[in-house]
Amino acid sequence: MPGEIGAVVVDHDAGPLLEGCVRSLLDDGAGAVVVVENGAPGSAAAALDGLPGAQPPPTLHIVRPGRNVGYGAGVNRGLAALAGRPVPPEWVLVSNADLVVHAGALVALRAALESRPAWAIVGPRILTEAGDVYPSVRRFPSFTDAAGHALLALFNPENSFTRRYNPGTPDGDVVTEAGWVSGSCFLARRSALEELGGFDEAYFMYNEDMDLCWRAHHAGWGVGFAGTAEVTHVQGVSTARHPYRMMAAHHRSALRFTFRTTTGWRRLALPLAVVVLGLRMAIATARLALSR
């Protein structure tokens, strides 16, 4: 129905956190929730078994790819399920499973897009469990800033390259334009996502959100941030189980994005990007091994 918000939640064995996520979405007015089960077969249904009143379709639907297809591909399958409803929702919230939507967030995000018809995507303020603001609003870095951030952020998060790339989340109830916003939670026009072809499934994890926002900008759409909406994200639930695999996926996706978005004479510097990201992964892997 017009104005309805549908939600796509990609789950990878989040367990009780998935139930909390879906409950918060339904409580905040989501008209339909599609959970994509990227984890063990039956894990999503088991986690949602205790959710009162949420089982009868079409309010809640579980999509079972049969394997972990990745975050972006999982979202795309959820979008297809929403599009197949008798009346597809006008708005789609994309969410991680380890996330809780605060009261009023969906309405605030929808209001931001309704008042800015040129925007395709808007992200909320994302808080950590401790209540700190997660830097979910970022700029597209220059080649130099990307290299400096990659090498220095591990040792000095406040270096000038990182500050330009990641200037911090705006304070207060501001609604403003953004370069790109975190894919862990955002609201989008379903029509815009369909026009863009959804997420690029070549990204298994990481940078698929950056890529989507990049393509949105190049297609003439805007991307924004709404400080009027807040969510809490319990980060690293899936990553903690497979840290080395996730680290490799992170760097592989960063390299893919760099190759896909670097044009003209700057492509001559792509071999340097390979070296920089390879060095960063070696350093990050060593630090992780020592910490464990």
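Shown above is the structure to which this text applies.
In this text the structure is predicted, and so the values were computed from the model without any measurement.

## Focus on the environment of N76
- Position of N76 among the secondary structure elements: in helix α3 (residues 71-83).
- C-alpha separation for the pair N76 and L48, spaced 28 residues apart in sequence, amounts to 21 Å.
- In this structure N76 touches G197, G198, F199 and E201, once residues within four positions along its chain are discounted.
- Here E201 takes part through its side chain, which lies 3.0 Å from a polar atom of the side chain of N76.

## Some points on the nonpolar core
- The biggest cluster of nonpolar side chains holds 36 residues, and the ones touching the most others in it are L18, L25, V33, V35 and L93.
- Setting aside residues no more than four positions away along its own chain, V33 makes contact with A7, V9, V22, L25, L26, T59, L60 and H61.
- Counting 34 residues, the second largest nonpolar core, distinct from the first, contains V8, Y71, V137 and A178.

## Focus: the side chain of N166
- Tracing the chain through its elements places N166 in the loop between α6 (160-165) and β8 (175-177).
- Judged by relative accessible area, which is 19%, N166 ranks as buried.
- Aside from chain neighbours lying at most four places away, what touches N166 is P135, V137 and R138.

## Concerning the pairing of strand β1 (residues 5-11)
- Buried residues dominate β1, accounting for seven of its seven residues.
- A two-sided burial pattern is seen for β1, the buried positions comprising I5, A7, V9 and D11 on one face and G6, V8 and V10 on the other.
- Direction of pairing for β1 relative to strand β4 (residues 91-96): parallel, over a ladder of six bridges. Looking at β4, one finds that A7 is bridged to L93.
- Here β1 pairs with strand β2 (residues 32-37) via six bridges, running parallel. Along β2, the bridge assignment pairs V8 with V34.
- Running through helix α1 (residues 16-27), the crossover from β1 to the neighbouring parallel element β2 is right-handed.

Procedures and definitions
- Residues numbered from 1 in each chain as written.
- Predicted model: local features only at pLDDT ≥ 70, side-chain atom pairs only at ≥ 80, totals over all residues.
- Heavy atoms only, no water.
- Helix = DSSP H or I, 4+ residues; strand = E, 2+ residues; numbered from the N terminus.
- Contact = heavy atoms within 4.5 Å.
- Polar contact = N/O pair within 3.5 Å; in protein donor to acceptor, adjacent residues only side chain to side chain.
- Core = buried A, V, L, I, M, F, W, Y, C linked by side-chain atoms within 4.5 Å.
- Buried < 20%, exposed > 50% of the residue type's maximum accessible area, 1.4 Å probe, protein only.
- Pairing = 2+ DSSP bridges.
- Right-handed = clockwise from strand over helix to strand, strands pointing away.

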